[in-house]
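Observations on the three-dimensional arrangement
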Amino acid sequence: MESESWDEVVASLTAAYGLQAWGTRLGHGSFLTVELGESEATGRAYGRYHLWIYMAGWRIEDGMTMLAASEDDRDELAGKVTVLDGRKLTSVTVEHPSLSARFEFEGGLVLITFSLYSTDEDHWMLFRPDGNVLTMGPGSSWSVEPSDHPNVP
């Protein structure tokens, strides 16, 4: 259920503009995580913002070529996703009602998510430095709530 106004969603996303991506890595299945901005505490493995593509398809493009996609061979994929590292986030667009997203990075790189219809799984999440997480999904719902992952921003 939508717990905040869409203005807070926009504010969450625009606050991450200009932050450099790092630590991009594959997780379980098609999970993909991207750290944005420097770690605020010594020894932390997370950036100021932590983007987690959860139950959504995704691909990375450079405007001319598809560089990587969530269903590619995992042995090759792990090295390909790091192409985002070192690039600043320049904009984010979220579609309605799917909540699919387009994350644009400097140099023309784009991370595009494809929300899969589900009544019980989140599509993607952006963990914020204030301890809240912006969650897109399940379905067309979204929320901004306190994070239940204490080690993530």
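This report concerns the structure included in the present document. (Residues numbered from 1 in each chain as written. Predicted model: local features only at pLDDT ≥ 70, side-chain atom pairs only at ≥ 80, totals over all residues. Heavy atoms only, no water.)

On to helix α1 (residues 6-14), then. If you check which residues of α1 are buried, you get V9, S12 and L13. On an axial view of α1, the arc spanned by its buried residues comes to 95 degrees, and they lie on one face. Looking at the buried side of α1, the elements it contacts are β3 (49-53), β6 (89-94), β9 (124-127), β10 (132-136) and β11 (142-146). (Buried < 20%, exposed > 50% of the residue type's maximum accessible area, 1.4 Å probe, protein only. Helix = DSSP H or I, 4+ residues; strand = E, 2+ residues; numbered from the N terminus. Arc of directions from axis to C-beta. Contact = heavy atoms within 4.5 Å.)

It is worth spelling out the sheet that holds β9 at this point. Across the sheet, six strands lie side by side as β1-β2-β3-β9-β10-β11; this open sheet has antiparallel pairing. Each of the sheet's edge strands pairs with one partner strand only, and the pair in question is β1 (21-26) and β11. The average angle at which neighbouring strand axes cross in this sheet is 15 degrees, direction not considered. Pairing between β3 and β9: four bridges, direction antiparallel. Bridge pairing in β9 places L51 opposite L126. In the packing of α1 onto the sheet, the strands contacted are β3, β9, β10 and β11, and the crossing angle to β10 comes to about 110 degrees. (Pairing = 2+ DSSP bridges. Axes fitted to C-alpha atoms, helices over the stretch in contact; angles between N-to-C directions.)

Our next topic: the packing of aromatic side chains. Under the criterion given, the structure shown has six aromatic pairs. Between the aromatic rings of W6 and W142, the centroid separation amounts to 5.3 Å while the plane-to-plane angle is 80 degrees, which identifies the pairing as edge-to-face. In this pair, W6 is assigned in helix α1 and W142 in strand β11, connecting sequence segments 136 residues apart. On the basis of relative accessibility, which here comes to 27%, the residue W6 falls in the partly exposed class. According to the relative accessible area criterion, W142 is buried, its value standing at 4%. (Phe/Tyr/Trp six-rings, centres within 6.5 Å; stacked < 30°, edge-to-face > 60°.)

A large share of β10 lies buried, amounting to five of its five residues. The side-chain alternation of β10 yields two buried faces, one formed by N132, L134 and M136 and the other by V133 and T135. As paired elements, β9 and β10 share four bridges and run antiparallel to each other. Considered in β10, the bridge of F127 is made with V133. Counting the residues between successive antiparallel strands, the hairpin from β10 to β11 contains five residues, one of them, G137, with a positive phi of roughly 100 degrees.

With that settled, the discussion passes to the sheet that holds strand β7 (residues 101-105). Spatially, β5-β4-β8-β7-β6 is the arrangement adopted by the five strands of the open sheet, whose pairing is antiparallel. Of all strands in the sheet, those bounded by a partner on one side alone are β5 (66-69) and β6. This sheet shows a mean twist of 15 degrees between the axes of neighbouring strands, independent of strand direction. When strand β4 (residues 56-61) meets strand β8 (residues 109-115), the two strands line up antiparallel, connected through six bridges. Bridging from a neighbouring strand, W58 pairs with T113 of β8.

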